[in-house]
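So the chains spell out like this:
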Amino acid sequence: MVNPCYVSTLLWTTALALYFVPAGAKGNPYDLDDEIIGPQFYRAFDWQDIADPTHGRVQYVDKLTSIRQNLTYATEDTFILRGDYQKTLQPSGPGRMSARIMSKKVYKRHAVV
């Protein structure tokens, strides 16, 4: 068993070391370039109804099919993107329907939330 005093000392030492790291060494913060919310998602991305490049069991569908099959859904402040989770698949049949999307905009560096 690890001594609790050792863990506490280690945590404090790490916290203090991080606190005193010079600001320049922590890296530059990101600036918000785009805020894509709700239905805006449909305009910001292209749907790729292509064969699975990894040769798995998935059927990538176009935007209209993804909407009709409830694989994508948008409200004023929400966007849902998911694969089919309701249909029972046959062992020798096609794979699950899913949406494969690609941004219409190219980013050099980014963080996505």
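Now for a look at the structure at hand. (Residues numbered from 1 in each chain as written. Predicted model: local features only at pLDDT ≥ 70, side-chain atom pairs only at ≥ 80, totals over all residues. Heavy atoms only, no water.)

### Some words on the pattern of salt bridges
Using the criterion set out here, one finds 3 salt bridges in the structure. With a closest N to O distance of 3.8 Å, Lys104 and Asp46 form a salt bridge. Note that Lys104 is positioned in the segment after strand 6 (101-103) and Asp46 in strand 1 (residues 45-47), a separation of 58 residues in sequence. With relative accessibility at 48%, the residue Lys104 sits in the partly exposed group. We note a salt bridge from Asp84 to Arg96, for which the minimum N-O separation is 3.3 Å. (Salt bridge = Lys/Arg side-chain N within 4 Å of Asp/Glu carboxyl O. Helix = DSSP H or I, 4+ residues; strand = E, 2+ residues; numbered from the N terminus. Buried < 20%, exposed > 50% of the residue type's maximum accessible area, 1.4 Å probe, protein only.)

### Side note on unusual backbone geometry
The general pattern is negative phi for most residues beyond glycine and trans for most peptide bonds. For His55, which is not glycine, the phi dihedral falls at a positive 65 degrees. As for its placement among the helices and strands, His55 is situated in the loop between strand 1 and strand 2 (58-61). Exposure remark for His55: the relative accessible area of 72% places this residue in the exposed category. Residues other than glycine seldom take positive phi values, yet Asn70 does so here, at roughly 60 degrees. Assignment of secondary structure puts Asn70 in the loop between helix 3 (63-68) and strand 3 (72-74). In this structure Asn70 comes out as partly exposed when scored by relative accessible area, which is 38%.

### Notes on the environment of Tyr60
Along the chain, Tyr60 falls in strand 2. Sequence separation between Tyr60 and Ile101 is 41 residues; the distance between their C-alpha atoms is 9.3 Å. For Tyr60, the residues in contact, after removing those within four places along its chain, are Gln48, Asp49, Ile50, Asp52, Pro53, Ser98, Ala99 and Arg100. (Contact = heavy atoms within 4.5 Å.)

### With respect to the packing of aromatic side chains
Taken as a whole, this structure holds 4 aromatic pairs when the rule is applied. Ring plane angle 20 degrees and centroid distance 4.3 Å describe the contact between Phe41 and Phe45, whose orientation is recorded as stacked. We note that Phe41, like Phe45, is buried. Clustering of aromatic rings is evident, with ring pairs tying together Phe41, Tyr42, Phe45, Trp47 and Phe79. For the cation-ring pair, Arg100 lies above Tyr60, with the distance from its terminal atom to the ring centre recorded as 5.5 Å. (Phe/Tyr/Trp six-rings, centres within 6.5 Å; stacked < 30°, edge-to-face > 60°. Lys NZ or Arg CZ within 6 Å of the ring centre and 35° of its normal.)

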